Amino acid sequence: MKLSKRDIQGQLKALGVAEGDVIFVSSDLIKVGYFNVNRAQTLRDWIDIFAQLLGPSGTVILPTYSDVALRFGRAPIPIFTQDSKSTSGSLANAYITLTSDAIRSSHPIYSCIAVGPLAIELEKHTVQSGAYDPYGLVIEHGGKNLMLGTIDEVNCPMPFHFAQQTLGHTRTHPLRGIFKTSYVNEAGEM
C-alpha cells in the first residue's frame, strides 16, 4: 500500500495532532515509507503536512543538531552557522533550506528550528543556554512529541532529554566536554 499525503494527515489527526498544537518532531523519514516523485517534493510535502495540520496558530519544532569533532582529535573542528547542515536528518535540513519563516536557535551544537508563533522563543537558545531548553518550551506549552520512524535503540523521547538536563545529568555526564564545535559570536569572532 502506497501512503499518500492525505493518509499521513489522517493518521496524524488520529494520533491527536490538531490545529494550534505545539509539536516537537524527530524523524527518520525513510522508515516512515512516504515518497512522492523525488526527494525534494517529498520533503516539501512533509513541511506542507505540518503547516496544514497545525495552521497559523500552531508551532512545529525540530532538532537541528550540528556536527562535532573530538576535542583532542585531529579532525577539523566544524563551524556552526544558522545555515549549517544538521545531523538530525533530512526533514531538519529541509526546514533549514526550504522555509523562509523558520527561526533556528543559535546554540552551536543543540540548535532547534521552528515555524509558528513560538518560533521567536528560539532566539533565547544560545551558547549560554541549556542544551535542551527548547524541549522545556514544548513541555511548558503543553506540546506533543512526535517521533516519526525514530523509536529505536538510539533515539529517546524529547521529555527524557529535558529531564536529564533538569536533573543535572547533562552537566555531570562522563562524556561532557569531549566533543566541540566552533561558531561565530555576535561580535564576529570565532
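Figured I'd write up the structure that's included with this text. Here the structure is a predicted model, which is why all the values come from computation and not from measurement.

### Remarks on unusual backbone geometry
In step 1: Look at Val 37: it is not a glycine, yet its phi comes out positive at around 65°.
In step 2: Relative to the helices and strands, Val 37 resides in the loop between helix H2 (29–32) and helix H3 (39–54).

### Re the environment of Gln 82
In step 1: Considering the arrangement of structural elements, one finds Gln 82 in the loop between strand E4 (79–80) and helix H4 (90–98).
In step 2: C-alpha separation for the pair Gln 82 and Ile 113, spaced 31 residues apart in sequence, amounts to 9.7 Å.
In step 3: Leave out the neighbours within four places in its chain, and Gln 82 touches Ile 96, Arg 104, Ser 105 and Ser 106.

### Describing the packing of aromatic side chains
In step 1: Applying the stated criterion across every chain yields a total of 6 aromatic pairs.
In step 2: Ring centres of Tyr 34 and Trp 46 lie 6.1 Å apart, and the angle between their planes is 90°; this geometry places the pair in the edge-to-face category. Here Tyr 34 is found in the loop between H2 and H3, whereas its partner Trp 46 is found in helix H3, with 12 residues between them in sequence. Taken individually, Tyr 34 and Trp 46 each receive the classification buried, so the pair is uniform in this respect.
In step 3: Pairing Tyr 65 with Tyr 110 gives two aromatic rings, centres 5.2 Å apart and planes at 85°, and the pair type is edge-to-face.

### Structural notes on the sheet that holds strand E1 (residues 22–27)
In step 1: Read across the open sheet, the 5 strands follow the order E5-E6-E2-E1-E7; overall the sheet is mixed. Both edges of this open sheet fall to strand E5 (103–104) and strand E7 (144–148), since each of them pairs with a single strand only.
In step 2: When E5 meets strand E6 (residues 112–115), the two strands line up antiparallel, connected through 2 bridges. Considered in E6, the bridge of Ile 103 is made with Ala 114.
In step 3: Packing against the sheet, H4 makes contact with E1, strand E2 (59–63), E5 and E6, and its axis sits at approximately 120° to E2.

### Quick notes on the environment of Leu 148
In step 1: Structurally, the position occupied by Leu 148 is in strand E7.
In step 2: Judged by relative accessible area, which is 10%, Leu 148 ranks as buried.
In step 3: Once you skip the residues sitting within four places of it in the chain, Leu 148 turns out to touch Leu 12, Val 25, Ser 26, Ser 27, Asp 28, Val 32, Trp 46 and Phe 50.

### What to know about the nonpolar core
General note: in soluble globular proteins, nonpolar side chains tend to be found buried as a group.
In step 1: Counting 25 residues, the largest nonpolar core has Leu 12, Val 25, Trp 46, Phe 50, Val 60 and Tyr 95 as the members making the most contacts within it.
In step 2: Going through the elements one at a time, helix H1 (5–14), E1, H3, E2, H4, E6 and E7 are the ones with two or more residues in this core.
In step 3: When residues of this core are assigned to their parent elements, the largest contribution, 7 residues, is made by H3.
In step 4: Excluding residues that lie within four positions of it along the chain, Phe 50 makes contacts with Leu 12, Ile 23, Val 25, Gly 55, Val 60, Leu 91, Tyr 95, Leu 146 and Leu 148.

### With respect to helix H6 (residues 158–166)
In step 1: For H6, the complete set of buried residues consists of Met 158, His 161, Gln 164 and Gln 165. In an axial view of H6, the angular spread of the buried residues amounts to 120°, which keeps them on one side of the axis.
In step 2: In this structure, the buried residues of H6 make contact with E1, helix H5 (133–140), E7 and helix H7 (169–172).
In step 3: Just past H6, the residue Gly 168 takes up positive phi, approximately 85°.

### Some details on H1
The periodicity of an α-helix, 3.6 residues per turn, causes residues three or four positions apart to be oriented the same way.
In step 1: Those residues of H1 not exposed but buried are Ile 8, Gln 9 and Leu 12. Projected down its long axis, H1 shows its buried positions confined to an angular sector of 100°, all on one face. Those residues of H1 that are exposed and angled more than 90 degrees off the buried face are Arg 6, Lys 13 and Ala 14.
In step 2: Here the buried face of H1 lies against H3 and E7.
In step 3: Downstream of H1 by one or two residues, Gly 16 has phi in the positive range, about 110°.

Calculation notes
- Residues numbered from 1 in each chain as written.
- Predicted model: local features only at pLDDT ≥ 70, side-chain atom pairs only at ≥ 80, totals over all residues.
- Heavy atoms only, no water.
- Helix = DSSP H or I, 4+ residues; strand = E, 2+ residues; numbered from the N terminus.
- Contact = heavy atoms within 4.5 Å.
- Phe/Tyr/Trp six-rings, centres within 6.5 Å; stacked < 30°, edge-to-face > 60°.
- Buried < 20%, exposed > 50% of the residue type's maximum accessible area, 1.4 Å probe, protein only.
- Pairing = 2+ DSSP bridges.
- Axes fitted to C-alpha atoms, helices over the stretch in contact; angles between N-to-C directions.
- Core = buried A, V, L, I, M, F, W, Y, C linked by side-chain atoms within 4.5 Å.
- Arc of directions from axis to C-beta.

Nothing here speaks to function; it is geometry throughout.
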